[in-house]
Amino acid sequence: MRRRVYIWEVPVRLTHWVNVLSIVLLSVTGYFIGNPYLFIAPRESYAGFFMGTVRFVHFAAAFVFMASVLLRTYWAFAGNAYADWRGLFPFLTKDGRKNMLHAAQYYFFVRRDPPEVAGHNALAGLSYMFIVIFYGLIIFTGLALFAQLHPVGIWYTLTNWVFGILTMQRVRMAHHMIMWALLIFALYHVYVAWLIDMEEGNGLMSSMFSGFKFLPRNQEPDWIETSPLMTDSQTFQRRKGSTGKTPAQEDLG
Amino acid sequence: MPADAPSLEARLAARGISRRQFLTFCGVLTATLALPEAYAPKIARALETAPRLPVVWLEFQDCAGNTESFLRASTPTVAAIVLEQISLEYHETIMAPAGRAAEKSLEAVLANTGQPFLAIIEGSIPTKDGGIYCTIGGKTALSIAENVCRKAAATIAVGACAWDGGWPGANPNPTGAVGVKTAVPGLKRLVNMPGCPMNVTNLTAVLAHFLTFKDLPALDQEGRPLFAYGQLIHNNCERRGHFDAGRFVETWGDESHRMGYCLYKMGCKGPQTYSNCPAVGWNDGTSWPIGAGHGCVGCMSPHFWDNTIPVYSRLPNIEGFGVEATADTVGLTALGVVAAGVVVHGVASAIRAKSSPQAAHDGSEVVVQPPTKKG
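This structure is a prediction, so every number in the text was calculated from the model and none was measured.

Brief notes about the overall build of chain A
Regarding its fold elements, chain A presents eleven helices and two strands. When the helices and strands of chain A are listed from N to C terminus, the series reads β-α-α-α-α-α-α-α-α-β-α-α-α. Per-residue burial for chain A yields a buried fraction of 51% across its 253 residues. Taking as baseline every contact in chain A between residues at least 6 positions apart, the subset at least 24 positions apart corresponds to 70%. For chain A, the exposed surface amounts to about 12,900 Å²; the carbon and sulfur share of it is 71%.

Focus: the domain arrangement of chain B
Residues and elements named next belong to chain B. Per the domain assignment, the segments making up chain B are domain 1 (8-227) and domain 2 (233-307). Computed from C-alpha atoms alone, the centre-to-centre distance between domain 1 and domain 2 is 27 Å. Between domain 1 and domain 2, the residue contacts involve 21 residues of the former and 15 residues of the latter. The contact between domain 1 and domain 2 buries some 1,500 Å² in all, and 56% of this surface belongs to carbon and sulfur atoms. Summed over the shared surface of domain 1 and domain 2, the result is zero salt bridges. The interface formed by domain 1 and domain 2 contains five residue pairs in polar contact (both at pLDDT 80 or more). Broken down by secondary-structure element, the contributors of at least two residues to the side of domain 1 that touches domain 2 are α8 (159-164) and α10 (200-213).

Considering the interface of chain B and chain A
Interfaces are frequently sized by the accessible area removed from exposure as the parts join. Opposite the 53 residues of chain B that make contact, chain A presents 52 residues. Where chain B abuts chain A, roughly 4,600 Å² becomes buried across the two surfaces, and 56% of that area is made up of carbon and sulfur atoms. Applying the counting rule to chain B against chain A returns zero salt bridges. The set of elements that each furnish at least two residues to the side of chain B that touches chain A consists of α13 (240-245) and α17 (327-355) of chain B. At 16 residues, the largest contribution of residues to the side of chain B that touches chain A is made by α17(B). Here the residues of the side of chain B that touches chain A are counted per class, giving 22 nonpolar, 19 polar and twelve charged.

Section: the sheet that holds strand β9 (residues 190-193) of chain B
All names here are of chain B. Here we have five strands laid out as an open sheet, ordered β2-β1-β3-β7-β9, and parallel in their pairing. The sheet is open, and its two borders are formed by β2 (87-91) and β9, each paired with just one other strand. Looking at each pair of strands side by side, their axes are set apart by 20° on average, direction ignored. Bridge count between strand β1 (residues 54-59) and strand β3 (residues 118-122): five bridges; the pairing is parallel. The partner of Leu 58 across the bridge, within β3, is Ile 121. In the packing of helix α6 (residues 99-111) onto the sheet, contacts are made with β1 and β2, and the angle to β2 comes to roughly 130°. Seen against the sheet, α10 touches β1, β3, β7 (154-158) and β9 and runs at an angle of roughly 170° to β7.

Thoughts on the side chain of Asn307(B)
Residue placement: Asn307(B) occurs in helix α16 (residues 304-307). At 2.9 Å, the side chain of Asn307(B) and the backbone oxygen of Pro302(B) are in polar contact. Setting aside anything within four residues of it in sequence, one finds Asn307(B) in contact with Thr167(A), Gln169(A) and Pro302(B).

Looking at the pattern of salt bridges
All names here are of chain B. Tallying each qualifying case throughout the model produces ten salt bridges over all chains. Its salt-bridge partner being Arg 189, residue Asp 215 comes within 3.8 Å of it at the nearest N-O pair. In this pair, Asp 215 is assigned in the loop between α10 and α11 (226-229) and Arg 189 in the loop between α9 (180-183) and β9, connecting sequence segments 26 residues apart.

Some remarks on a nonpolar patch on the surface
All names here are of chain A. Taken together, Trp 17, Val 20, Leu 21, Val 24, Val 28 and Phe 209 make up a surface patch of nonpolar side chains, about 590 Å² in accessible area. Along the polypeptide, Trp 17 turns up in helix α1 (residues 10-34). On the basis of relative accessibility, which here comes to 31%, the residue Trp 17 falls in the partly exposed class.

Side note on the packing of helix α2 (residues 19-32) of chain B against α10(B)
All names here are of chain B. Between α2 and α10, the shortest axis-to-axis distance is 9 Å and the interhelical angle comes to 90°. Taken together, the axis directions place α2 and α10 in an arrangement best described as roughly perpendicular. In this structure, α2 contributes Phe 25, Leu 29 and Thr 32 to the contact, and α10 contributes Thr 201, Asn 202, Thr 204, Ala 205 and Ala 208. In terms of residue class, the contact of α2 with α10 is made up of four nonpolar, four polar and no charged.

Quick word on the environment of Leu315(B)
Relative to the helices and strands, Leu315(B) resides in the loop between α16 and α17. What makes Leu315(B) buried here is its relative accessible area of 8%. In the structure, Leu315(B) is positioned 50 residues away from Lys265(B) in sequence and 9.9 Å away in space, judged by C-alpha atoms. The residues contacting Leu315(B), other than those within four sequence positions of it, are Gln169(A), Arg172(A), Met173(A), His176(A), Pro310(B) and Ala327(B).

As for the nonpolar core
Residues and elements named next belong to chain B. Among the nonpolar cores identified, the biggest contains 56 residues, and Phe 22, Leu 47, Leu 118, Ile 156, Met 193, Leu 203 and Ile 290 are the most heavily contacted of them. The element that contributes the greatest number of residues to this core is α10, accounting for eight residues. For this core, the two domains that each supply at least three residues are domain 1 (8-227) and domain 2 (233-307). If we skip the residues at most four places from it in the chain, Ile 290 touches Ile 233, Cys 237, Arg 239, Leu 263, Cys 268, Gly 295 and Cys 296. Grouped together as the second largest cluster of nonpolar side chains are 29 residues, Leu 106, Ala 141, Ile 144 and Val 184 included.

With respect to the packing of aromatic side chains
Per the stated rule, a full pass over the model turns up 25 aromatic pairs over all chains. When the ring of Phe185(A) is compared with that of Tyr188(A), the centres are 5.9 Å apart and the planes differ by 55°; the resulting orientation is tilted. Taken together, the residues Phe185(A) and Tyr188(A), both in helix α7 (residues 168-200) and three residues apart, mark about one turn of the helix. Classification of Tyr188(A) by relative accessible area gives partly exposed; the value is 29%. With a centroid separation of 6.0 Å and 85° between ring planes, the pair formed by Phe243(B) and Phe248(B) is classed as edge-to-face. For Phe243(B), a relative accessible area of 2% puts it in the buried group. Members of the aromatic cluster, each reached through a chain of ring pairs, are Phe59(A), Phe63(A), Phe146(A) and Trp155(A). One Lys or Arg, Arg4(A), reaches over the ring of Phe212(A) and ends 3.9 Å from the middle of that ring.

Points about the environment of Met51(A)
Residue placement: Met51(A) occurs in helix α2 (residues 50-78). Sequence separation of Met51(A) and Pro36(A) is 15 residues, and the distance between their C-alpha atoms is 7.6 Å. Contacts of Met51(A), omitting those with residues within four sequence positions, involve Phe32(A), Ile33(A), Pro36(A), Phe243(B), Asp244(B), Ala245(B), Gly246(B), Phe248(B) and Tyr264(B).

A look at the packing of α2(B) against helix α3 (residues 39-49) of chain B
Residue and element names in this part refer to chain B. For the pair α2 and α3, the least separation of the axes is 8 Å and the interaxial angle reads 115°. It follows from the interaxial angle that α2 and α3 lie roughly perpendicular. The way α2 lies across α3 gives a crossing that is right-handed. Contacts from Arg 19, Phe 22, Leu 23, Cys 26, Gly 27, Leu 29 and Thr 30 in α2 reach Tyr 39, Ala 40, Ile 43, Ala 44, Leu 47 and Glu 48 in α3. Of the residues assigned to the contact of α2 with α3, the class counts are nine nonpolar, two polar and two charged.

Cut-offs and rules
- Residue positions are given per chain, counting from 1 as you read along its sequence in written order.
- The order in which chains are written sets their letters, starting at A; the order in which ligands are written sets their numbers, starting at 1.
- With pLDDT at 70 or above as the cut-off, local features in this predicted model cover only qualifying residues; side-chain atom pairs require 80 or more to be listed or tallied, and sums for whole chains, interfaces and linings still use all residues.
- Note that the side-chain values use all heavy atoms of the structure and ignore hydrogens as well as water.
- In DSSP terms, a helix is any run of H or I states spanning at least four residues, a strand is any run of E spanning at least two, and both are numbered starting from the N terminus.
- The buried label goes to any residue with under 20% of its type's maximum accessible area, the exposed label to any with over 50%, and the partly exposed label to all in between, with areas taken from a 1.4 Å probe on protein chains only.
- Any pair of residues with heavy atoms lying within 4.5 Å of one another is described as a contacting pair.
- In this description, accessible areas are obtained by the Shrake-Rupley approach with a 1.4 Å probe, and a residue is regarded as covered only by the protein chains that are shown.
- Start and end positions for the domains come from either an automated domain assignment or a database one.
- Buried area is calculated as the accessible area (1.4 Å probe) missing from two parts once they are joined, with the contributions of both summed.
- When a carboxyl oxygen of Asp or Glu lies within 4 Å of a side-chain nitrogen of Lys or Arg, that pair is called a salt bridge.
- Any pair of nitrogen or oxygen atoms within 3.5 Å is treated as a polar contact; in protein, a donor-acceptor pairing is required on top of that, and neighbouring residues in sequence qualify only through side-chain atoms on both sides.
- Here the term charged refers only to Asp, Glu, Lys and Arg, the term nonpolar to Ala, Val, Leu, Ile, Met, Phe, Trp, Tyr, Cys and Pro, and the term polar to all other amino acids, Gly among them.
- At least two bridges found by DSSP between two strands is the condition for calling them paired.
- Comment: axis = line fitted to C-alpha atoms, over the contacting stretch for helices; angle = value between 0 and 180 degrees taken between N-to-C directions.
- Patches here: salt-bridge-free residues with over 30% relative accessible area, like charges joined within 9 Å, nonpolar side chains (Val, Leu, Ile, Met, Phe, Trp, Tyr) joined within 5 Å.
- Should an angle lie under 35 degrees it is considered roughly parallel, over 145 roughly antiparallel, and from 65 to 115 roughly perpendicular; all remaining angles are considered oblique.
- Residues belong to one nonpolar core when they are buried, are Ala, Val, Leu, Ile, Met, Phe, Trp, Tyr or Cys, and are joined through side-chain atoms within 4.5 Å.
- Pairing of aromatic rings covers Phe, Tyr and Trp, the last counted by its six-membered ring, and requires centre-to-centre distances within 6.5 Å; plane angles under 30 degrees mean stacked, over 60 mean edge-to-face, and any other angle means tilted.
- Only lysine NZ and arginine CZ atoms are considered, and such an atom sits over a ring when it is within 6 Å of the ring centre and within 35 degrees of the ring normal.
- By convention, the crossing between two helices is left-handed when the near helix turns anticlockwise from the far helix through less than a right angle, and right-handed when the turn is clockwise.

Right, dumping it as structure tokens:
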């Protein structure tokens, strides 16, 4: 029988879904702000505030998204091995590179067995590295454009230097392009999650709601759990607690 | 202007401008400078009793557009007369002397060290090949600017060109044109008044501020007066209500355009340009570009000729994807390609799952097949 193992802690799931909702909201409102069109324009301009409302929703959702990214960043240093920041850099360790190759071979139909892991596979970790970079860039470009509305205060001071390097047109274009990159990622991400769930039978899709995955009894330790980067780190040693084992390693006997 | 010139009051009266009109003008300047109303009489007194302030107006790589802005009034306005009140000692376009005689009046201003003077610079300064691409009387613009600006009580760089190189400094910038702040680095008392051209109301306000308070107005980090360049055009635009309501011009001359809707979708750069154009207006407040139905081109923003193109669209086109490929068309196409890839991969995976089912991991899973209908 399979074991039900707790993988995704509450902050991981919470920020995941807040990100999903805010990215959807930000993409829809952002696209509208870039290409506004009303099928029924109000007769008098005082009668409608649609563009204003859309922009308000975009700015509000952006700050919710930023709070979520901040919390997730904190959890990358405080959470369990599957939430750890080291998972973003699989190419740094031998196990990580091996697991990346395995995953790539599976996706390109070279190898039949999927890379079964307790957390996420190494190739997924690499894609999240790009996502984190994109998050940083879209937040920065967004704040830079937002700050220009009110050229006083902290956002202006923090971001205005970028317009010495890039024109505002380019910054705005980058903001658009990163949105499309994130939407492309979302498509790939949902498809792969579905595929892995079907192939591995581990309840991956529901794990993002419950936090639990159904792992085989003979589950090997993750590439991230055996990574020297991870095992040598003091935080990891501390986090393992008295049993000295991670959730996936426990009751393996 | 000779020292015994008639007073401002007499000169205004001679042109048929009443004291009421003059005080109204001082009120406008006070409002432009964002000063409390109580300062209007102080500005009026300062303008009336201002000591003779020699001004040297230098033109380098320019089109004399700022001079035109300065002289543009078809009838003598209060502003024009007040600007005459300052003593324009040297201005190539409008001065009577020519050649050596003209250079002499500049030399006289520079030689009189006891008398502070104001330098107004129009046009960019070429720096390539020793600055030979702009010379006046055998001297390069670079050396003239260095000589004059360092001695001036204050320097006002008028127009986009004198600010950051403007048009001559646009890509590929063959002459290495730069603005005053780069050509004469470390200049302490420098006011930048970008724009193509700058707004003469703002120049008058800066001069009035200088005469009233003996100091330059507060500047932003780009060296522009905050009173004139502190707010986005978008924030004070008369079409802003249409923007917030979502009413936009879709094509030139359509019904929305005739109704005066927002020009955002026509590439208006008002949302990214800092200027008091909507409040001050042009040509004595007659109109201004957006008021006349054309989007802002962002002429007051940094390196505007390189930065705000294309003039008539929100986003620049993406190089390498042909004409009119915007970020959104490229993004949408990429999303479509990936979606197609996902479908192909999904079908291939389904076929693989059918032909070679995934082995049970430890032999303990029970795979329950759905009941099949038997006919």
